[in-house]
Amino acid sequence: MAALYRRVLLKLSGEALKGTAATDIDFDVLRTVAQEIQQLVEAEVQVGLVLGGGNIWRGTNAEGTALDHATADYMGMLATIMNGLALQSVFESLNVDARVMSALQLDQVCEPYIRQRALEHLRKGRIVIFVGGTGLPYFTTDTVAALRGIEMGADAFLKGTNVDAVYSSDPRTNAGAAPYRQIDYTQFLADNLRAMDATAISLCRDNHLPILLFNMNTPGNIVRAVMHGDIGTLIKEA
């Protein structure tokens, strides 16, 4: 069966990578994720990945400390690099070719992010793991994922997270919160929904990149999102 999308940018939250492990990275979760992405590669889907770093460090961790915002953000970028190297190692254990490309210059451990080189990796069927944010503070990993998806000419930006949809309000505090099956970018912004960063939504709207938000913790959902797109919430033009 042909995939719905042929080239995707998949953003995975750092919190989801922690799983139930006592350590910051749950390698059982990483292996499950890697095996699902391996199925996509075998179906000739080109996959770019952006990883969050919240399992190791979040900028909000700096609240009440001597750390300024920019320093906290750089620490978060380093956390994404740690996650990327861990996931690359899991791919290698499965004999899946993957490259880590960083916007921060760390040539001893991974490649620098160069757009044309990343596109060449994708064309050769390699998974590209984008880490180190944009290399600049004040940008979320949602925004990084939107930017890389646009640069890579992706068919869709898939956000794997811990929730199963975009809701009309926070379902943890409002039992009447309703999930959306599909929502327009502009409505998302006008309703001030918090499932994604507003800058990322605006970038995708301006560049006509559809977003599918889904729960990555359900087994098989990564494959289902790419092959069928019939889960979660689709954010696109009306």
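Read on for a plain summary of the structure. This structure is a prediction, so every number in the text was calculated from the model and none was measured.

Some words on the packing of helix α5 (residues 141–151) against helix α7 (residues 198–206)
So, step 1. Where α5 meets α7, the closest approach of the two axes is 7 Å, and the angle between their N-to-C directions is 15 degrees. It follows that α5 is roughly parallel to α7 by the angle criterion. Relative to α7, the crossing made by α5 is left-handed. Between α5 and α7, the residues in contact are Asp142, Thr143, Ala146, Leu147 and Ile150 and Thr199, Ala200, Leu203 and Cys204, respectively.
So, step 2. Its residues assigned to classes, the contact of α5 with α7 shows six nonpolar, two polar and one charged.

Some details on the side chain of Asn215
So, step 1. Within the element layout of this structure, Asn215 appears in strand β10 (residues 211–215).
So, step 2. Each residue touching Asn215, except ones within four places of it in the same chain, is listed here: Thr161, Asn162, Val163, Asp164 and Asn221.

Quick notes on the side chain of Thr80
So, step 1. Relative to the assigned elements, Thr80 resides in helix α3 (residues 69–93).
So, step 2. Polar contacts involving the side chain of Thr80 include one to the main-chain carbonyl oxygen of Met77, which spans 2.6 Å.
So, step 3. Only 2.9 Å separates the side chain of Thr80 from the backbone nitrogen of Gly132, close enough to count as a polar contact.

Parameters and conventions
- Residues numbered from 1 in each chain as written.
- Predicted model: local features only at pLDDT ≥ 70, side-chain atom pairs only at ≥ 80, totals over all residues.
- Heavy atoms only, no water.
- Axes fitted to C-alpha atoms, helices over the stretch in contact; angles between N-to-C directions.
- Helix = DSSP H or I, 4+ residues; strand = E, 2+ residues; numbered from the N terminus.
- Parallel < 35°, antiparallel > 145°, perpendicular 65-115°, else oblique.
- Left-handed = near helix turned anticlockwise from the far one by under 90°.
- Contact = heavy atoms within 4.5 Å.
- Nonpolar A, V, L, I, M, F, W, Y, C, P; charged D, E, K, R; others polar.
- Polar contact = N/O pair within 3.5 Å; in protein donor to acceptor, adjacent residues only side chain to side chain.

None of the figures reported here should be taken as evidence of function without further support.
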